[in-house]
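Chain residues, written in single-letter form:
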Amino acid sequence: LNQAEGYRYLARLTRVALENFLECSDPKLPQLVALANGNRTCRVCIGSDNPDNFYQSAVIDSTEAYRVTGSRGTVDYLGFGVQSGAYGSAGGLRTV
């Protein structure tokens, strides 16, 4: 059972990586997507869940200009952060 659950977890991580970094990786038309949890039928958990936050990301290009529009609804806090680089690369993933 433990090995089967491990394979299931690995398959979910692979699926979410393909969705986020292959299907939704066009900086000319960025899409906000949730790496973990989100609205997926089969949840993906990376580390501990945080019920107070909903993290989404999008691939963007520093040579482009973007505008985020929408309705904040009843959310008390809405924050944005920008990171550069990649995990496992020289310099890693750093906040800019």
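Placed above this text is the structure.
Residues numbered from 1 in each chain as written. Predicted model: local features only at pLDDT ≥ 70, side-chain atom pairs only at ≥ 80, totals over all residues. Heavy atoms only, no water.

1. Some details on the overall build of the protein
Of the regular secondary structure elements, the protein holds one helix and two strands. Listed by position from the N terminus, the elements making up the protein come as α-β-β. Seen along its three principal axes, the alpha-carbon backbone of the protein occupies a region of about 50 × 40 × 25 Å. Expressed as a percentage of the 96 residues in the protein, the buried residues total 8%. Long-range pairs, those at least 24 residues apart, make up 39% of the contacts in the protein between residues at least 6 apart in sequence. When the accessible area of the protein is evaluated, it comes to approximately 8,200 Å², of which 54% is carbon and sulfur surface. (Helix = DSSP H or I, 4+ residues; strand = E, 2+ residues; numbered from the N terminus. Buried < 20%, exposed > 50% of the residue type's maximum accessible area, 1.4 Å probe, protein only. Contact = heavy atoms within 4.5 Å. Areas by Shrake-Rupley, 256 points an atom, 1.4 Å probe, with all protein chains shown as cover.)

2. Digging into the pattern of salt bridges
For the structure shown, the criterion picks out three salt bridges. A salt bridge links E19 to R15; the shortest N-O distance between them is 3.7 Å. Of this pair, E19 and R15 are both found in helix α1 (residues 2–23), four residues apart, which corresponds to roughly one turn of the helix. (Salt bridge = Lys/Arg side-chain N within 4 Å of Asp/Glu carboxyl O.)

3. Focus: the environment of R12
Inspection of the secondary structure assignment puts R12 in helix α1. Along the chain, R12 and V44 lie 32 residues apart, while their C-alpha atoms are 6.3 Å from each other.

4. Things to note about the environment of Q31
Position of Q31 relative to the elements: it lies in the loop between α1 and β1 (83–85). Take Q31: its relative accessible area is 37%, and that puts it in the partly exposed class. Between the C-alpha atoms of Q31 and E19, which are 12 residues apart in sequence, the distance is 11 Å. Setting aside residues up to four positions removed in sequence, Q31 forms contacts with E23, C24, S57 and A58.

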